[in-house]
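# Results of the structural survey
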Amino acid sequence: MSVISKRVLVTGGAGFLGSHLCERLIDAGHDVLCIDNYFTGRRANVAHLIGNPRFEIMRHDVTFPLYVEVDEIYNLACPASPIHYQHDPVQTTKTSVHGAINMLGLAKRLRAKILQASTSEVYGDPTVHPQTEGYWGNVNPIGFRSCYDEGKRCAETLFFDYHRQHALRIKVARIFNTYGPRMHPQDGRVVSNFIMQALAGAPITIYGEGTQTRSFCYVDDLVDGLIRLMETGDEITGPMNIGNPVEMSIRELAEAVIELTGSTSELIHQPLPHDDPVQRQPDIGFARRALDWEPKVKLRDGLKRTITYFTALREELQDKGGRSNG
Ligand code: NAD
Ligand code: UDP
């Protein structure tokens, strides 16, 4: 079946998820314009795409207006790990809110379809379990995580107001914890932290008792879900949960990482960060029905691929360190 080639804008395209998305869109025959301000993203994530005639990359901050011509927009620009989004919380809110306004304005001028990378954080510390899209959430509006949670909630509001007021074609994906190759090794997220610690033989840092739960989705499954959502008809706007419903405790994750790396690292406990959600699991019934989608990659397989990536990255960094010392 031949694919109609589109011009697709991916904001935050040099980040973890964005780089995989750019790659998949190019493989599907589309032209991709990737924009990024490199706050957490890296050119190395898309180095293999540079030189491909279907790929273009531009340094740009979404808090400023952008004038380009495209058919579809995936708005992913925003730091996603707690240490990065709390580093400059005012900028985080600006990125979500001003970024959404700028990208929605662009979509309105072009009559382009636009997808927002929203988050399970809109549910805050949820009192409904598993989380369904109808749940309004339990979010602290003035805490350390609020710049991210409330910024993303406001972006969702803007998407739905543009949809109602300007008949814009929108898609809102609520992404749950996703992991895989090209995660930032120092972003403090649990999967990258545990693997980097295990490979170094350093203590594995469990925050709190490790009984809090998360549900981890492998990046390929997530990107597949995002593309399927973008391809749905105008009647489907979301919000739609995209994630893997297999839930586990953080302690179980640590044990799996130790086993798969063959590490001798010990488990240590550190204080739980502020407003750390106690449990999180997506109800993906809507995505199953509307997209005929569900995650395929099992946690152990996804972790093995991620461990392979971080092992190679560590060797590369050690080589560079050795050369610069020598
Ligand atoms: P990431 O930090 O690797 O990627 C974000 C990208 O956005 C980076 O390349 C960064 O440099 C760029 N960026 C940040 N601020 C920008 C700005 N003002 N202008 C232009 N570019 C900017 O994180 P990720 O995990 O790839 O997340 C991508 C998106 O998915 C984010 O919007 C995030 O909120 C959302 N999300 C991710 C997860 C997850 O588990 N990975 C979960 C929920 C939601
Ligand atoms: N976490 C942990 N040790 C770490 C990093 C994170 O125990 O070294 C915990 C963190 O407190 C949270 C869970 O792992 O309960 C997921 O954290 P992450 O930052 O990856 O994502 P989020 O909290 O946004 O889901």
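Below is a short write-up of the structure. The structure presented is a predicted model; accordingly, all values stated were derived computationally and were not measured. (Residues numbered from 1 in each chain as written. Chains lettered and ligands numbered in written order. Predicted model: local features only at pLDDT ≥ 70, side-chain atom pairs only at ≥ 80, totals over all residues. Heavy atoms only, no water.)

## Observations regarding the side chain of D149
The residue D149 is located in helix α4 (residues 146–166) in this model. For the buried D149, no salt bridge is present, and the opposite-charge side chain at shortest range is R145, 4.7 Å distant. Ignoring any residue separated from it by four or fewer positions in sequence, one finds D149 in contact with E121, G124 and V139. (Helix = DSSP H or I, 4+ residues; strand = E, 2+ residues; numbered from the N terminus. Buried < 20%, exposed > 50% of the residue type's maximum accessible area, 1.4 Å probe, protein only. Lys, Arg positive; Asp, Glu negative; His and termini not counted. Salt bridge = Lys/Arg side-chain N within 4 Å of Asp/Glu carboxyl O. Contact = heavy atoms within 4.5 Å.)

## With respect to the site of ligand 2
Not every one of the 18 residues close to ligand 2 is listed here, only the nearest: N193, T205, R214, D276 and R280. A distance of 2.8 Å separates an oxygen atom of ligand 2 from a polar atom in the backbone of Y207. In the model, an oxygen atom of ligand 2 is placed 2.8 Å from a nitrogen or oxygen of the R214 side chain. Expressed as a share of its isolated accessible area of 520 Å², the protein-covered part of ligand 2 is 95%. In the shell around ligand 2, the residues fall into 7 nonpolar, 5 polar and 6 charged. (Near = heavy atom within 4 Å. Polar contact = N/O pair within 3.5 Å; in protein donor to acceptor, adjacent residues only side chain to side chain. Areas by Shrake-Rupley, 256 points an atom, 1.4 Å probe, with all protein chains shown as cover. Nonpolar A, V, L, I, M, F, W, Y, C, P; charged D, E, K, R; others polar.)

## Focus on helix α5 (residues 190–200)
Summarising burial for α5: 8 of the 11 residues are buried, a large majority. Among all positions of α5, only V191, S192, N193, F194, I195, M196, Q197 and A198 are buried. At the C-terminal side of α5, G201 shows a positive phi close to 70°.

## A short note on the side chain of N45
Note on placement: N45 falls in the loop between β2 (31–36) and β3 (55–59). Owing to a relative accessible area of 3%, N45 belongs among the buried residues under this scheme. Non-local contacts of N45, meaning those with residues more than four positions away in its chain, are made with A14, G15, F16, S19 and R182.

## What to know about the pairing of β2
Taking burial as the measure, the 6 residues of β2 include 5 buried ones, the bulk of the element. As judged from the 5 bridges shared by strand β1 (residues 7–11) and β2, these two strands associate in the parallel manner. Looking across to β2, one finds that T11 is bridged to I35. Tracing the backbone out of β1, into helix α1 (residues 16–27) and back to the parallel element β2 gives a crossover that is right-handed. Examined bridge by bridge, β2 and β3 share 5 bridges and lie parallel to one another. Of the residues in β3, the one forming a bridge with V32 is F55. (Pairing = 2+ DSSP bridges. Right-handed = clockwise from strand over helix to strand, strands pointing away.)

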